[in-house]
There are 2 protein chains.
Amino acid sequence: MRRSSRLLAMAKRLFDRPHHVYSLSELAGSEVAAKSTLSEDVAFLRAFLEETQEGTIESLPGASGGVRFTVGMPDSIRLRFLERLASELSHPSRMLPGGFIYMSDILGQPDVLDNIGRMIAAEMAKVQPNVVVTVETKGIPLAVATARYLDVPLVIVRREHKVTEGAALSMHYVSGSERRISTMYVSKRALPERARALVVDDFMKAGATAQAVRALLAEFSVEVVGTAVFVKTEEPQKKLISDYLALLEVKATQLDGSIFVQPVYHA
Amino acid sequence: MRRSSRLLAMAKRLFDRPHHVYSLSELAGSEVAAKSTLSEDVAFLRAFLEETQEGTIESLPGASGGVRFTVGMPDSIRLRFLERLASELSHPSRMLPGGFIYMSDILGQPDVLDNIGRMIAAEMAKVQPNVVVTVETKGIPLAVATARYLDVPLVIVRREHKVTEGAALSMHYVSGSERRISTMYVSKRALPERARALVVDDFMKAGATAQAVRALLAEFSVEVVGTAVFVKTEEPQKKLISDYLALLEVKATQLDGSIFVQPVYHA
């Protein structure tokens, strides 16, 4: 019983804050146990996660070291989840003018957001982002879910310069889908020096927004280490940025109302 | 060992999706155990959560019944967390023109969002909302975190009518802080019939936005069962809506740059 309680307490801390580095004593909290016992507990939790393919527990050496829970997702569950979403999104009633798809309802479901955040984090943790950046509005919930699993701050690039953002840097760009000049703003104090940004968005057509964010962040000497989108379109095949993760692909949105969405299968 | 694994598997499902109703067999997953054993496990998990004041596990009777994890937060941790935030927000460098406070950085920290979502959900679960509604943009991350702990969908009220939202209902209102006529839009298909909405936002001055959301939602026959904001201002003391939860209060933003933020102490 005693051991079960201790394991639960440690697991809860790890799951409550994925990717956060805990020292062994922080992880144990008020539970009193020898260091060797705690190490065994961590090994048990690691085995539990790896058996279910739900992630692992990494041990980081050194003075600022400790352990952290890195999220994973079994391939079978990942695929089943994406196939279910693809099927829902393929419904003709979701077709909107201009080849867009109505997906705000799906992007408001907490379990969907959580799973997408988990998938993006599991894939992108290796490039070690220390900030998630998104452009308002529809990508924000996805970005929140992703930032949670990476334990990094979220920065929202705005379309308007609001007083609540303080001083901001702005940039014009030509929006690919709307074919007009748009502006984006990012608060001057939002981004740390030497930031490594993961850009997260809901939808990519030509990639103009993703490219503009990259240019805007470059003005802050921010390196964009990755870009992840929920849905990309098949056309144009050549996007303005070349290196990105997409979970779903819209194969075609026809004038007759048919849409065909499918998971993106990675090598 | 066997029991520890089973408890961990059950706990992970419950923590991964707070407030979601699981049947006992869903909760057990691939673990084979008698129903009485699973009930004992649930009792053990409930005792664990209640001892640490991190919530409870409710048993819901009936055919669609099962168990769900309802989040809680110990008063001492709640208060320490809010006091730390109040102290950070009181720094003179956060003072912006018009009596606003720069808080975008704080509202981008995943642990802060998670804790705020937890506090709002713990307080508002009793009014049984089945949807969380927010107005773009700054309140969205808080609304995502809250919706996650309540396991209900999130609906974002927009400031512009975008093609990706489909048909929308719109409404004009006089913004309290900017003293101008603004418009808000909500997608016609976003809200279910007989919705019970919890409105979540980052900041409340006069309450004009919260009041306008209420009026907009009334057009959909949506009942607003609660309103929760992260920070409210002390003045005006009489807001346009009377019944709301606020976590922090700005006591004064002086022209000399001083700000005084403090937790709201509930009875």
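Residues numbered from 1 in each chain as written. Chains lettered and ligands numbered in written order. Predicted model: local features only at pLDDT ≥ 70, side-chain atom pairs only at ≥ 80, totals over all residues. Heavy atoms only, no water.

1. Quick look at the nonpolar core
Counting 132 residues, the largest nonpolar core has Phe 230 of chain A together with Phe 230 of chain B as the members making the most contacts within it. With near-sequence residues (within four places) excluded, Phe 230 of chain A lies in contact with Leu 85, Leu 89, Met 103, Leu 107, Ile 116, Leu 142, Asp 201, Asp 202, Ala 246, Leu 247 and Leu 248 of chain A. (Core = buried A, V, L, I, M, F, W, Y, C linked by side-chain atoms within 4.5 Å. Buried < 20%, exposed > 50% of the residue type's maximum accessible area, 1.4 Å probe, protein only. Contact = heavy atoms within 4.5 Å.)

2. Brief notes about the relation of the copies chain B and chain A
If you rotate chain B by 180° and push it 0.0 Å along the axis, it lands on chain A with an RMSD of 0.0 Å. Seen this way, the second copy is the image of the first under a two-fold rotation axis. Among all residues of chain B, the minimum C-alpha distance to the rotation axis is found for Ser 4 of chain B, at 2.7 Å. When the interface residues of chain B are mapped onto chain A, 100% of them are again interface residues, pointing to one common binding face. (Least-squares fit on C-alpha atoms with pLDDT ≥ 70 in both.)

3. Observations concerning the interface of chain B and chain A
In this complex, chain B contributes 55 residues to the contact, which on the side of chain A involves 55 residues. For the pair chain B and chain A, the two sides together bury roughly 4700 Å², of which 63% comes from carbon and sulfur. In this structure, the connection of chain B to chain A is made through eight salt bridges. The shortest N-O distance in the salt bridge between Asp 111 of chain A and Arg 17 of chain B comes to 3.7 Å. For the pair chain B and chain A, the number of links is 17 residue pairs in polar contact (both at pLDDT 80 or more). Only α1 (2-16), α3 (35-51), α5 (110-124), α6 (140-150) and β6 (154-157) of chain B provide two or more residues apiece to the side of chain B that touches chain A. The leading source of residues in the side of chain B that touches chain A is α1 of chain B, at ten residues. In terms of residue class, the side of chain B that touches chain A is made up of 27 nonpolar, nine polar and 19 charged. (Buried area = accessible area lost by both parts, 1.4 Å probe. Salt bridge = Lys/Arg side-chain N within 4 Å of Asp/Glu carboxyl O. Polar contact = N/O pair within 3.5 Å; in protein donor to acceptor, adjacent residues only side chain to side chain. Helix = DSSP H or I, 4+ residues; strand = E, 2+ residues; numbered from the N terminus. Nonpolar A, V, L, I, M, F, W, Y, C, P; charged D, E, K, R; others polar.)

4. Focus on the domain arrangement of chain A
All names here are of chain A. In terms of domains, chain A is made up of domain 1 (2-71) and domain 2 (75-263). A separation of 32 Å is found between the C-alpha centroids of domain 1 and domain 2. Counting from both sides, the interface comprises eight residues of domain 1 and, opposite them, eight residues of domain 2. When the area that domain 1 buries against domain 2 is broken down by residue, the three leading residues are Pro 18, His 19 and Val 71, summing to 68%. Where domain 1 packs against domain 2, one counts two salt bridges. Across the salt bridge formed by Arg 118 and Glu 54, the nearest N and O atoms sit 3.9 Å from each other. Applying the counting rule to domain 1 against domain 2 returns three residue pairs in polar contact (both at pLDDT 80 or more). Residues of the side of domain 1 that touches domain 2, tallied by class, amount to three nonpolar, two polar and three charged. (Domains from an automatic or database assignment.)

5. Looking at the UniProt feature "domain: Bacterial purine repressor N-terminal" (unreviewed entry) in chain A
Per the UniProt annotation, the sites labelled "domain: Bacterial purine repressor N-terminal" (unreviewed entry) are residues 2-70 of chain A. Spanning residues 2-70 of chain A, this segment combines 54% helix with 16% strand, and its end C-alpha atoms are found 26 Å apart. (UniProt positions renumbered as here; feature names shortened; annotations may be inferred.)

6. So, the packing of aromatic side chains
Enumeration according to the criterion identifies four aromatic pairs over all chains in this entry. Ring centres 6.1 Å apart and planes at 40° place the aromatic pair Phe 100 of chain A and Phe 203 of chain A in the tilted group. Of this pair, Phe 100 of chain A sits in strand β4 (residues 100-101) while Phe 203 of chain A sits in strand β9 (residues 196-204), and the two are 103 residues apart along the sequence. The exposure class of Phe 100 of chain A is buried, given its relative accessible area of 13%. The interplanar angle of 65° and the centroid separation of 5.3 Å between the aromatic rings of Phe 15 of chain B and Phe 69 of chain B together place this pair among those described as edge-to-face. Of this pair, Phe 15 of chain B sits in helix α1 while Phe 69 of chain B sits in strand β2 (residues 66-71); the two residues are 54 residues apart in sequence, bridging distant segments of the chain. (Phe/Tyr/Trp six-rings, centres within 6.5 Å; stacked < 30°, edge-to-face > 60°.)

7. What to know about the environment of Ser 104 of chain B
With respect to the helices and strands, the residue Ser 104 of chain B is situated in the loop between β4 (100-101) and α5. The class for Ser 104 of chain B is buried, based on a relative accessible area of 17%. When the C-alpha positions of Ser 104 of chain B and Ser 175 of chain B are compared, they lie 21 Å apart, and in sequence the two are 71 residues distant. Setting aside chain neighbours within four positions, we find Ser 104 of chain B in contact with Thr 164 and Glu 165 of chain A together with Lys 138 of chain B.

8. Description of α1 of chain B
Residue and element names in this part refer to chain B. In this model α1 runs 21 Å from its N-terminal to its C-terminal C-alpha over 15 residues, within 8% of the 21 Å that 1.5 Å per residue would give. Of all the 15 residues making up α1, eleven are buried; the element is thus mostly covered by neighbouring parts of the structure. By the burial criterion, the buried members of α1 are Ser 4, Arg 6, Leu 7, Leu 8, Ala 9, Met 10, Ala 11, Lys 12, Leu 14, Phe 15 and Asp 16. (Expected span 1.5 Å × (residues − 1).)

9. Concerning helix α3 (residues 35-51) of chain A
With 17 residues, α3 of chain A extends 24 Å from end C-alpha to end C-alpha; this agrees with the ideal 24 Å at 1.5 Å per step. Listed in full, the buried residues belonging to α3 of chain A are Leu 38, Asp 41, Val 42, Phe 44, Leu 45, Phe 48 and Leu 49 of chain A. Projected down its long axis, α3 of chain A carries its buried residues within an arc of 160°, all on one side. When the buried face of α3 of chain A is taken as reference, the exposed residues oriented beyond 90 degrees from it are Glu 40 and Glu 51 of chain A. Buried positions along α3 of chain A lie against α1 (2-16), α2 (24-28), β1 (55-60) and β2 (66-71) of chain A together with α1 of chain B. Gln 53 of chain A occupies a position one or two residues after α3 of chain A and carries a positive phi of about 55°. (Arc of directions from axis to C-beta.)

10. Here we look at unusual backbone geometry
In this structure, Thr 137 of chain A follows Glu 136 of chain A across a cis peptide bond, with omega equal to 10°. Residue position: Thr 137 of chain A is located in the loop between β5 (131-135) and α6 (140-150). The phi dihedral of Ser 221 of chain A is positive, around 60°, even though this residue is not glycine. Positionally, Ser 221 of chain A belongs in the loop between α7 (208-218) and β10 (223-233). Overall, the relative accessible area of 56% leaves Ser 221 of chain A in the exposed class. Phi is positive for Gln 53 of chain B, which is not a glycine, with a value near 55°. In this structure, Gln 53 of chain B sits in the loop between α3 and β1 (55-60).

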